[in-house]
Amino acid sequence: MRMTLELTTAEARRLWTDFLRRLDWANRDLPGPEREEAKSEVIAHIAEDMAALDLPDEVERLREALDRFGIPPAPPPAWRTPLAIVLHYLAIMVMGASGLVILILLHMTLMEALNPAAVGLYIYPGDTVLTLSYENQAGAREILGAWFIPAMLVVSALGSAALYGLWKLALSPTGPVSRWMRP
Amino acid sequence: MTGTEMEDILDRWSSQARKGYFEMLLLARLNAGRAYGYQIVAALKQAPGFENLAEGTVYPVLTRMKKDGLVTAEWVAEDTGPPRKYYTVTELGARTLDAMQGIWRRMDEVLLAQPAKETS
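This structure is a prediction, so every number in the text was calculated from the model and none was measured. (Residues numbered from 1 in each chain as written. Chains lettered and ligands numbered in written order. Predicted model: local features only at pLDDT ≥ 70, side-chain atom pairs only at ≥ 80, totals over all residues. Heavy atoms only, no water.)

A. Main features of the overall build of chain A. Of regular secondary structure, chain A possesses 6 helices and 3 strands. Its helices and strands in sequence order give chain A the pattern α-α-α-α-β-β-β-α-α, from N to C terminus. In chain A, buried positions account for 33% of the 183 residues. Residue pairs at least 24 apart in sequence account for 55% of intrachain contacts in chain A once pairs closer than 6 positions are excluded. For chain A, the computed accessible surface area is about 11100 Å², with 66% contributed by carbon and sulfur atoms. (Helix = DSSP H or I, 4+ residues; strand = E, 2+ residues; numbered from the N terminus. Buried < 20%, exposed > 50% of the residue type's maximum accessible area, 1.4 Å probe, protein only. Contact = heavy atoms within 4.5 Å. Areas by Shrake-Rupley, 256 points an atom, 1.4 Å probe, with all protein chains shown as cover.)

Structure representation (structure tokens):
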């Protein structure tokens, strides 16, 4: 049964259109005929309530009837799902690459303990680029020395914490990005 | 325990309790005679704890009860105003309500019985 609510003012029609948009979103999992039937029942209810309310203004009556009925949440903006999908896959790539770097740093930390003379962070004279290396770099100066192991452990820990945060945000099934991905 | 903490606990408990007997309340109303959504909501709002009921929450429960075979529904055209969807309790619904009321009575006896305090 298809029904409509007869409204005379532009503001009331705007409120009603917004409500129906929210209702359709809330009932999106129902099959088409059931969704239409549920909508018809809501329309009948609101029409009945508006007729019973002792308020002079149509907009006020509609607003009151909708408040009493309960207004469903608004559907998300159209751009949110595609953006969430892009962020999700970007996060996978960042986590993969960053995770590999952290593993390398941890491996270098272990190797520094076994071979402290070779492994380190080097800088060449007159250069500003730092070089992490498993071998002693001829002509370069090792800059961390005995602090290499604690520095790498701190960097690895901070990196891991950042990756965990990224996972919670973009990959965890309960995180906002995963929730936004759902239609 | 402060009064506010106790109020919070009671709020939580009564919210859960209301969810528990919501279906029974609907069946009891419909068992008294067929009714349409707006009428059912108006009747529910007379029940203690349901004064501020969000009216839209009744319809999904009625739909579920219809799927479960506890009620039937039919649209009826009215002389004035929009058509109304009337719900009628089925035989299964009436038997279910009877069983629910039996459980309720037994629960009532247990909950409200005053056990004698043990003396040492």
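B. Broad picture of empty space enclosed by the protein. Evaluation of the coordinates by the stated rule reveals 1 cavity of 30 Å³ or more. Together, Glu41, Ala44, His45 and Glu48 of chain A together with Tyr36, Gly37, Tyr38, Tyr59, Trp75, Arg84 and Lys85 of chain B line the largest cavity. Only helix H2 (32-52) of chain A together with helix H2 (37-44) and strand E3 (84-89) of chain B provide two or more residues apiece to the lining of the largest cavity. Looking at the lining of the largest cavity element by element, the count peaks at 4 residues for H2 of chain A. Looking at side-chain class alone, the lining of the largest cavity contains 5 nonpolar, 2 polar and 4 charged residues. (1 Å grid on protein atoms, 1.4 Å probe; cavity = no way out; pocket = protein on both sides within 12 Å on 5 of 7 lines; lining within 4 Å. Points joined across faces, edges and corners; volume = space filled by probe spheres on them. Nonpolar A, V, L, I, M, F, W, Y, C, P; charged D, E, K, R; others polar.)

C. Representation of the packing of aromatic side chains in the model. One pass over the structure, following the stated rule, counts 8 aromatic pairs over all chains. The ring of Trp25 of chain A is capped by Arg28 of chain A, whose NZ or CZ atom sits 3.9 Å from the centre of that ring. Its end group placed over the ring of Tyr86 of chain B, Arg34 of chain B keeps NZ or CZ at 4.0 Å from the ring centre. (Phe/Tyr/Trp six-rings, centres within 6.5 Å; stacked < 30°, edge-to-face > 60°. Lys NZ or Arg CZ within 6 Å of the ring centre and 35° of its normal.)

D. Fine view of the interface of chain B and chain A. The interface is formed by 17 residues belonging to chain B together with 14 residues belonging to chain A. Roughly 1500 Å² of surface becomes buried between chain B and chain A when both sides are summed, with 57% attributable to carbon and sulfur atoms. Seen at the junction of chain B and chain A, the total is 5 salt bridges. Linking Lys85 of chain B and Glu37 of chain A is a salt bridge whose minimum nitrogen-to-oxygen distance equals 2.8 Å. The interface formed by chain B and chain A holds 12 residue pairs in polar contact (both at pLDDT 80 or more) in total. Counting only elements with at least two residues in the side of chain B that touches chain A, the list comes to H2, helix H3 (58-67) and E3 of chain B. (Buried area = accessible area lost by both parts, 1.4 Å probe. Salt bridge = Lys/Arg side-chain N within 4 Å of Asp/Glu carboxyl O. Polar contact = N/O pair within 3.5 Å; in protein donor to acceptor, adjacent residues only side chain to side chain.)

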